[in-house]
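Now for the letters of each chain:
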Amino acid sequence: MGKLTFKKIQALNVPGLYGDGGTLFLRVAPRGSKQWVQRLVIRKKRQDLGLGGFPLTSLNEAREKAFHNRKSARNGGDPVSERRQRENVPTFAEALEKVIQLHEGTWKDKGRTREQWHNTMRLYVFPSLGRMRVSDIEARDVLQIVGPLWTEKNETAMKIKRRVSVVMDWAVMHGYRTDNCVTALKGNLPKADSLKGHYKMIPHEDVAAAIAKTKASTAYPSTIACFEFSVLTASRSQESRGAKWEEMNFRSATWDIPGTRTKTGKAFRVPLSRRAVKILEDQKARTGDSPLVFPAPRGGMLSDATVSKMVRTCQIQGVPHAIARACFRSWCADSNISREVAEACLAHTVQGVEGAYQRSDLFERRRSVMQQWADYVTGAPRADVIPLHG
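Report on the accompanying structure. (Residues numbered from 1 in each chain as written. Predicted model: local features only at pLDDT ≥ 70, side-chain atom pairs only at ≥ 80, totals over all residues. Heavy atoms only, no water.)

Across the sheet, four strands lie side by side as β1-β2-β3-β4; this open sheet has antiparallel pairing. Looking at the sheet topology across the chains shown, the edges are occupied by β1 (16–21) and β4 (45–54). The mean angle between the axes of side-by-side strands here comes to 30 degrees, regardless of whether they run parallel or antiparallel. Here strand β3 (residues 34–42) pairs with β4 via nine bridges, running antiparallel. Pairing of Ile 42 across the sheet is with Lys 45, part of β4. Along the sheet, helix α2 (residues 59–74) makes contact with β1, β2 (24–28), β3 and β4, crossing β3 at roughly 15 degrees. (Pairing = 2+ DSSP bridges. Helix = DSSP H or I, 4+ residues; strand = E, 2+ residues; numbered from the N terminus. Axes fitted to C-alpha atoms, helices over the stretch in contact; angles between N-to-C directions. Contact = heavy atoms within 4.5 Å.)

Structure, rendered in structure tokens:
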């Protein structure tokens, strides 16, 4: 049992070194600050190790650190070197850069693949793990990211899991960890085969009814508006939920998404239908000074889970991503919209010879198609159709 107690430590006010027993001491400075010090023989050389200041480092914490250091020194280790190594452990974001530098030489399309890695990590991983040291990341930290996406965006979740695992393997090989924590997720996620039902999109003929269901729901107005806007623009949820007013041009009826917010990392211009513009006008009156077009109830960006929950609550048999994009693509095929225009509307990159020769963004053709799609899912009469009378 140590000699010091919490009360004794609080009462100490005379500068000096006070022993707790063994190798642990409390140093009281002339101005009253108190610092834990351990005097330890490490490889036949006496050294003083600072263990932190009191009270931020409690008596029990100081004893635990001292015990760990004594045990390490007794077994031939070097606590000073070990601590320096811990302090030099890279953050996840720093380790990711090392991993990309290591592997990009084997990638066929270096620039594009690097952008994909960066975009995925920036959107999903960096907010919680980016600044954490790789040695401190645990399986539950990764599960908190991958778990919510596993049934809604399984392909994305698997990419995240795979890429984080590569970083953890790198950390193990460089001595920053003793294990790859991602391997522990295997028993905590459902088998991919059981997720097929989550990806069944609704027929494009049912999209109008799905939008109507959300409008009749009690969901937050911004959530309802964001979902319809995503459908009308065939955009990704992340892009719509993060849309800012500075990206909207009412005069030209366009939405300019910067490359920092797109999956491809390239800026993309979206033509807005009349209904999409009306949604924006209504949101502008509703949101006031918010920089976001579709802010959450307490400010900030709507979560992906919030939109998905609304769709499930409305008993719509599909996920927002499929309703907004897959249904649009299916409608294009049934409406004889050319493949090049349909893919351009989705901001897909056409590969091969066709992609090499296609340099235009087909903007005016895309504007016509997006208006037709909006008319289709909202039941609005097409301007180029003359109604029959009698």
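Once the structure has been displayed, the description carries forward.
Tallied over the full model, the rule gives 11 aromatic pairs. Taken together, a centroid distance of 6.3 Å and an interplanar angle of 20 degrees make the contact between Trp 245 and Phe 250 stacked. Accessibility expressed as a relative area gives 10% for Trp 245, which makes it buried. A residue is classified by how much of its surface remains accessible, and Phe 250, at 37% relative accessible area, is partly exposed. Judged by centre distance (6.0 Å) and plane angle (35 degrees), the rings of Phe 328 and Trp 331 are tilted. Of this pair, Phe 328 and Trp 331 both sit in helix α13 (residues 320–334), three residues apart, roughly one helical turn. The exposure classification of Phe 328 matches that of Trp 331, with both residues buried. A connected cluster of aromatic rings, assembled from ring pairs, spans Phe 328, Trp 331, Trp 373 and Tyr 376. (Phe/Tyr/Trp six-rings, centres within 6.5 Å; stacked < 30°, edge-to-face > 60°. Buried < 20%, exposed > 50% of the residue type's maximum accessible area, 1.4 Å probe, protein only.)

In this section: unusual backbone geometry. The omega angle of the peptide bond from Phe 54 to Pro 55 is 15 degrees, so this bond is cis rather than trans. Along the chain, the position of Pro 55 falls in the loop between β4 and α2.

Right, let's get into the pairing of β2. Note on strand geometry: in a regular strand, side chains alternate between the two faces of the sheet. Of the two faces of β2, only the one carrying Leu 24, Leu 26 and Val 28 is buried; Phe 25 and Arg 27 on the other face are not. One ladder, built from five bridges, connects β1 with β2; its direction is antiparallel. From the neighbouring strand, Gly 19 faces β2, where its bridge partner is Phe 25. Between β1 and β2, which pair antiparallel in sequence order, lie two residues; one of them, Gly 22, sits at a positive phi of approximately 70 degrees. Two successive antiparallel strands, β2 and β3, enclose a turn made up of five residues, where Gly 32 displays a positive phi of approximately 100 degrees.

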